[in-house]
Amino acid sequence: MAEHVPITMKDIARELGISVATVSRALKDSPRISLERRQLIQQYAREHNFTPNLIAESLRNSKVKPQKLIGVIVPNFVHYYFASVLSGIEEEATSQGYRLLVATSQENYEREVRICQSFYENKVCGIIVSQAKDTQQYDHFQRLMDAGLPLVFYDRICTGVNASRVVVDDYMGAYNAVSYLIENGCRRIAFYGSPMTLEISKNRFNGYKDALLKHGMAFDEHIMRICDNRADAEAVTPEILKMDVPPDGFFAINDDTAIGIMYTAKRMGFQVPDDIQICGFTNGYRAIACDPMLTTVEQRGVKVGEEAADILIGHVEGAIPLGRAVRRVVRTRLVIRGTTK
């Protein structure tokens, strides 16, 4: 049980076949409930790790303001994008009098579950989260929402729960980037992406594929790889560039992967962008620290963070009803530099 978010009063009521109001009164030791029933309910709550959600209570009582503490879950700090999102969250939250409690899931589902429980126990007023790569079960998120805690997803959204979300226009960002590669002479474009369990990877892949089809080019799965970091890009790119007909263009799901492709190609004797054109997705500091500088899709992470914090605070303060899922899309733009002609 230590690995799971505590059960809610709704869970207790359902299991014992009683009303939520009865559970609430029993847990407050109300004399309106018989001693025997109170003891039964309290014992069940203890055995199943029930923790009263003071935030949910404060949200229901307009005279009591919730603690102005927002939990933020970041998958990792390796990518510039997540750091920029956090910067946007902090800027917006601070301007409205909120503090942040930040943790990184390190792309691990079990760690993500423990962080959710820790945030719950620390009485945050809401959580802003980008899910870990290997998260495919969403009970820990749903339990938080059932307990009255607002959630806002950014970047890697959870389609398994009906929560608010802020994303960039991944599909159009990829579509425009691949279209640009084609219009600049590329006739065989490889795709490097994250696991297809993630919505962002599906959306960017669909943008890539549709750009090919729109321009009369066939999709070839032999030049598609699940690869989303520099080390893996340097490991798999030699095999692709040794094909009888190697790609003359690469679209990568992030800048680090694109840079791994570029340096591998250069080591193998290819000229960038004369022989191979490359486009990434982020527009972080590394995009201008490489040689040549990287053409990439700008994600505008600070703006994503500001929007996520704005929505969450709207939920907390009642401007946006808890049951209403808000969806906002931040537009991308293609930044053209030296890895394309």
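Further up the page is the structure itself.
Everything numeric here is computed off the predicted structure, so don't read it as measured data. Within each chain, residues carry numbers counting from 1 in the order of the written sequence. A pLDDT threshold of at least 70 governs which residues receive local features in this predicted model, and a stricter bar of 80 or more applies before side-chain atom pairs are shown or counted, although totals over entire chains, interfaces and linings include all residues. Think of the side-chain values as coming from all heavy atoms in the structure, minus any hydrogens and water.

Participant: Help me understand the packing of helix α5 (residues 80-95) against helix α12 (residues 301-317) in this model?
Facilitator: Between two packed helices, both the angle of their axes relative to each other and the distance between the axes serve to describe the pair. Between α5 and α12, the least distance of the axes is 6 Å, while the angle of their chain directions is 45°. Considering their axes alone, α5 and α12 lie oblique with respect to each other. In the packing of α5 onto α12, the handedness of the crossing is right-handed. Packed against α5, whose contacting residues are Y81, S84, V85, G88, I89, E91, E92 and A93, the element α12 presents G301, V302, V304, G305, E306, A309, D310 and I313 at the interface. Considered class by class, the residues forming the contact of α5 with α12 number eight nonpolar, four polar and four charged. Axis lines are fitted through C-alpha atoms, for helices just across the contact stretch, and the angle between N-to-C directions can take any value from 0 to 180 degrees. By definition, any uninterrupted DSSP run of H or I lasting at least four residues is a helix, any uninterrupted run of E lasting at least two residues is a strand, and each is numbered from the N terminus. Throughout, the term roughly parallel applies to angles under 35 degrees, roughly antiparallel to angles over 145, roughly perpendicular to angles from 65 to 115, and oblique to all others. Left-handed is the label given to a crossing in which the near helix is rotated counterclockwise from the far helix by less than a right angle, and right-handed is the label when the rotation is clockwise. Working rule for contacts: check all heavy atoms of both residues, and any pair within 4.5 Å makes them a contact. We call Asp, Glu, Lys and Arg charged. Ala, Val, Leu, Ile, Met, Phe, Trp, Tyr, Cys and Pro are nonpolar, and the rest, Gly among them, are polar.

Participant: Explain the sheet that holds strand β9 (residues 277-282) here, please?
Facilitator: In a beta sheet, neighbouring strands are held together by backbone hydrogen bonds and run either parallel or antiparallel to one another. Here, a strand pair is defined by DSSP locating no fewer than two bridges between the strands. Here we have six strands laid out as an open sheet, ordered β7-β6-β8-β9-β10-β12, and mixed in their pairing. Only two strands of the sheet have a single neighbouring strand rather than two, namely β7 (224-226) and β12 (333-335). Recorded for the sheet is a direction-independent mean angle of 20° between the axes of neighbouring strands. Two strands pair when backbone bridges link them, and strand β8 (residues 249-252) and β9 are joined in this way by three bridges, in the parallel orientation. Along β9, the bridge assignment pairs F250 with I278. Contacting β6 (189-193), β8, β9, β10 (295-298) and β12, helix α8 (residues 170-183) crosses the sheet at an angle of about 165° to β9.

Participant: What am I meant to see in the packing of aromatic side chains here?
Facilitator: Aromatic ring pairs are described here by two measures, namely the spacing of the ring centres and the angle between the planes. Think of it this way: a Phe, Tyr or Trp ring, Trp meaning its six-membered ring, pairs with another when their centres are within 6.5 Å, and the plane angle makes it stacked under 30 degrees, edge-to-face over 60, tilted otherwise. According to the stated counting rule, one finds 13 aromatic pairs in the structure shown. Residues F251 and F281 carry aromatic rings whose centres are separated by 6.3 Å and whose planes lie at 75° to one another, so their mutual orientation is edge-to-face. Placement of the pair is F251 in strand β8 and F281 in strand β9, with a sequence separation of 30 residues. Burial classes follow relative accessibility: with a 1.4 Å probe on protein chains only, a residue under 20% of its type's maximum area counts as buried, one over 50% as exposed, and anything between as partly exposed. When its relative accessible area of 0% is taken as the criterion, F281 is described as buried. Clustering of aromatic rings is evident, with ring pairs tying together F191, F205, Y208, F219, F251 and F281. The ring of F281 has R204 sitting right over it, with the charged end atom 3.8 Å from the ring centre. In this scheme, the term charge over a ring applies when either NZ of a lysine or CZ of an arginine sits within 6 Å of the ring centre and within 35 degrees of the ring normal. Its end group placed over the ring of F219, K209 keeps NZ or CZ at 4.9 Å from the ring centre.

Participant: Explanation requested: the pattern of salt bridges in the structure shown.
Facilitator: Oppositely charged side chains are able to pair whenever their charged atoms sit close together. The term salt bridge refers to a side-chain nitrogen of Lys or Arg lying within 4 Å of a carboxyl oxygen of Asp or Glu. Applying the stated rule across the entire model yields 16 salt bridges. Between D256 and R286 there is a salt bridge, and its shortest N-O distance comes to 2.7 Å. Of this pair, D256 sits in helix α11 (residues 255-267) while R286 is found in the loop between β9 and β10, placing the two residues 30 residues apart along the sequence. We classify R286 as partly exposed; its relative accessible area is 44%. Taking the shortest distance from any N to any O, the salt bridge between E298 and R333 comes out at 2.6 Å. Here the residue E298 occupies a position in strand β10, and R333 occupies one in strand β12, the gap between them amounting to 35 residues.

Participant: Explain the pairing of β9 to me, please; I cannot follow it from the model alone.
Facilitator: Remember that side chains alternate between the two faces of the sheet whenever the strand is regular. Counting buried positions over the six residues of β9 gives six, a clear majority of the element. Judged by which residues are buried, β9 turns out to be covered on both faces: Q277, C279 and F281 on one side and I278, G280 and T282 on the other are all buried. The handedness of the β8 to β9 crossover, carried by α11, is right-handed. With four bridges joining them, β9 and β10 adopt parallel strand pairing. Paired with C279 across the strands is T295, a residue of β10. Think of it like this: strands point away, you trace from the first strand over the helix to the second, and a clockwise trace means the crossover is right-handed.

Participant: Quick question: what am I supposed to make of helix α1 (residues 9-16) here?
Facilitator: Side chains three or four residues apart in an α-helix point the same way, a direct result of the helix having 3.6 residues per turn. Burial in α1 covers these residues: M9, D11, I12 and A13. With its phi angle positive at about 70°, G17 sits one or two positions after the end of α1.

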